Amino acid sequence: QKEVEQDPGPLSVPEGAIVSLNCTYSNSAFQYFMWYRQYSRKGPELLMYTYSSGNKEDGRFTAQVDKSSKYISLFIRDSQPSDSATYLCAMGGIQGAQKLVFGQGTRLTINP
Amino acid sequence: NAGVTQTPKFRILKIGQSMTLQCAQDMNHNYMYWYRQDPGMGLKLIYYSVGAGITDKGEVPNGYNVSRSTTEDFPLRLELAAPSQTSVYFCASRARDQIGNTIYFGEGSWLTVV
């Protein structure tokens with residue numbers, strides 16, 4: 001069993017739709033949960049960060065963490081063509097080096 | 001600030017050749033990382049460093065070596081390149097006391113071994 005599982009998609013939705021991206025994990029030591037966005041031929045950039053369980057909202061983006069179910073989600077409201085990218089979930093423990101474990105990434109396309 | 005700079009951007013190697021991927025950061029970050037990204041496989045940690053003179057293996061270290069002689073630089077050495085090392089390589093860095101756990105990535109190095 002992989003430590004972090006993410007549906008690779010691809011996922012294609014019309015502009016304006018609500019998008020839901022998800023990851024499950026098996027390591028209960030994970031405390032930090034992140035979503036990275038990666039445009040084609042670019043490095044990943046941090047989109048959202050959450051510590052422990054709960055919700056976090058930033059503009060059109062909402063990150064949810066449910067540690068009891070070992071499940072995290074990223075919601076994108078009013079999706080735009082510029083949101084088309086690969087989205088990677090990442091998780092880490094509280095150890096100093098913060099070695100993150102990444103999901104496989106979900107390729108998302110928003111169609112105008 | 002340039003952030004994390006990787007060179008070269010693209011490289012084709014023949015089987016058995018060796019090369020070094022360069023990585024430099026100008027943010028005075030303590031932690032530096034090398035990841036590889038294969039299609040549909042996410043990012044796999046190759047090596048990491050918590051400071052100058054200190055390096056440690058990640059998840060997929062075989063076939064690679066690193067050094068950290070300065071805070072700024074963290075080169076990745078490929079010895080005896082193999083087709084299985086065809087991948088996109090990302091260098092990343094982070095401050096030790098970074099709030100929000102932000103890891104900054106470089107733009108990537110595309111390597112093909114033929």
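Counting starts from 1 at the beginning of each chain's written sequence and moves along it residue by residue. Whichever chain is written first becomes A and whichever ligand is written first becomes 1, with later ones labelled in order. Owing to the predicted nature of the model, reporting of local features is limited to residues with pLDDT of at least 70; listing and counting of side-chain atom pairs is limited to 80 or more, with chain, interface and lining totals taken over all residues. Derived side-chain values reflect all non-hydrogen atoms in the structure, with water molecules and hydrogen atoms excluded from consideration.

1. Structural notes on the overall build of chain A
- Put simply, DSSP H or I for four residues or longer makes a helix, DSSP E for two residues or longer makes a strand, and each gets a number counted from the N terminus. If you tally the helices and strands in chain A, you get zero helices and eleven strands.
- Each helix and strand of chain A, placed in order from N terminus to C terminus, yields the pattern β-β-β-β-β-β-β-β-β-β-β.
- Since a compact globule built from 112 residues should have a radius of gyration of about 13 Å, the 13 Å found for chain A is in line with a globular shape.
- The dimensions of chain A, computed from C-alpha atoms along their principal axes, are 40 × 30 × 25 Å.
- Under the scheme applied here, a residue whose accessible area is under 20% of the maximum for its type counts as buried, over 50% as exposed, and between as partly exposed, the area being computed with a 1.4 Å probe on protein chains only. A burial count over chain A gives 46% of its 112 residues as buried.
- Method for areas: the Shrake-Rupley scheme with a 1.4 Å probe, in which residue coverage is limited to the protein chains shown. By element, 47% of the accessible surface of chain A is carried by carbon and sulfur atoms, the whole surface being about 5300 Å².
- Charged side chains in chain A number 11 positive and 10 negative. The centres of these two groups are separated by 7 Å. Here the globule rule is a power law, 2.2 Å times the number of residues to the power 0.38, and the radius of gyration is based on C-alpha atoms. Positive charges are assigned to Lys and Arg, negative charges to Asp and Glu, while His and the chain termini are left out of the count. For the purpose of locating charges, the reference atoms are NZ of Lys, CZ of Arg, CG of Asp and CD of Glu.

2. A few points about the state of the cysteines
- Our working definition of a disulfide is a cysteine sulfur pair at a distance within 2.5 Å. Under the defined criterion, the tally for this structure stands at two disulfides over all chains.
- A disulfide bridge connects C23(A) with C89(A), and the sulfur atoms are separated by 2.0 Å. A torsion of -100° about the S-S bond marks the disulfide between C23(A) and C89(A) as left-handed. Within this pair, whereas C23(A) is found in strand β3 (residues 19-25), its partner C89(A) is found in strand β9 (residues 85-92), the two being separated by 66 residues in sequence. Like C23(A), the residue C89(A) is buried in the burial classification.
- Paired through a disulfide, C23(B) and C91(B) show a sulfur-sulfur distance of 1.9 Å.

3. What to know about the interface of chain A and chain B
- Throughout, a residue-residue contact means that at least one pair of heavy atoms, one from each residue, lies within 4.5 Å. Contact residues are listed per partner, giving 19 residues for chain A and 23 residues for chain B.
- For any pair of parts, buried area is found by adding up, for both, the accessible area (1.4 Å probe) each one loses once the two are put together. Note on chain A versus chain B: buried area summed over both sides is about 1800 Å², and carbon and sulfur give 57% of it.
- The working definition used for a salt bridge is a side-chain nitrogen of Lys or Arg within 4 Å of a carboxyl oxygen of Asp or Glu. Inspection of the chain A/chain B interface yields one salt bridge.
- Salt-bridge contacts for E107(B) lead to K42(A); the nearest nitrogen and oxygen are separated by 3.1 Å.
- As used in this structure description, the phrase polar contact means that two N or O atoms lie within 3.5 Å; if the pair is within protein, one of them must be able to donate a hydrogen and the other to accept it, and residues adjacent in sequence are counted only when both atoms belong to side chains. Linking chain A with chain B are three residue pairs in polar contact (both at pLDDT 80 or more).
- Of all elements in the fold, only β4 (32-38) and β5 (45-51) of chain A reach the threshold of two or more residues within the side of chain A that touches chain B.
- A total of four residues in the side of chain A that touches chain B trace back to one element, the largest contributor, which is β4(A).

4. Some words on the sheet that holds β3(A)
Residue and element names in this part refer to chain A.
- Read from one edge of the open sheet, five strands run β1-β3-β8-β7-β6, paired in antiparallel fashion. Each edge of the open sheet is held by one strand with a lone partner, namely β1 (4-6) and β6 (54-58). Within the sheet, the average angular offset between the axes of one strand and its neighbour, ignoring direction, is 15°.
- Direction of pairing for β6 relative to strand β7 (residues 61-66): antiparallel, over a ladder of five bridges. Within the sheet, the bridge partner assigned to N55 lies in β7 and is Q64. Any two strands with at least two DSSP-identified bridges between them are counted as paired. Comment: axis = line fitted to C-alpha atoms, over the contacting stretch for helices; angle = value between 0 and 180 degrees taken between N-to-C directions.

5. A closer look at the sheet that holds strand β3 (residues 19-25) of chain B
Residue and element names in this part refer to chain B.
- Taken together, the four strands give an open sheet; going across it, the order is β1-β3-β8-β7, and neighbouring strands pair in antiparallel fashion. Pairing within the sheet leaves two strands with one partner each, and these edge strands are β1 (4-7) and β7 (64-66). Each neighbouring strand pair of the sheet contributes to a mean axis angle of 20°, computed without reference to strand direction.
- As defined by bridge partners, β7 adjoins strand β8 (residues 76-78) across three bridges and the pair is classed as antiparallel. Looking at β8, one finds that N65 is bridged to R77.

6. Re the nonpolar core
- Counting residues in hydrophobic clusters, the biggest one holds 24 residues, and the most contacted among them are W35(A), I72(A), L74(A), Y87(A) and M91(A).
- Once residues lying within four places of it in the same chain are set aside, the contact partners of I72(A) are L21(A), N22(A), C23(A), Y25(A), F33(A), W35(A), Q64(A), V65(A), C89(A) and M91(A).
- Ranked by size, the runner-up nonpolar core spans 20 residues in total, among them Y49(A), Y31(B), L43(B) and A92(B). Among buried residues, those of type Ala, Val, Leu, Ile, Met, Phe, Trp, Tyr and Cys that are joined through side-chain atoms within 4.5 Å constitute a nonpolar core.

7. So, the side chain of S73(A)
All names here are of chain A.
- Relative to the helices and strands, S73 resides in strand β8 (residues 71-76).
- We classify S73 as buried; its relative accessible area is 4%.
- Side-chain polar atoms of S73 contact the side chain of N22, separated by 2.9 Å.
- For S73, the contacting residues outside a window of four places in its chain are L21, N22, W35, T62, A63 and Q64.

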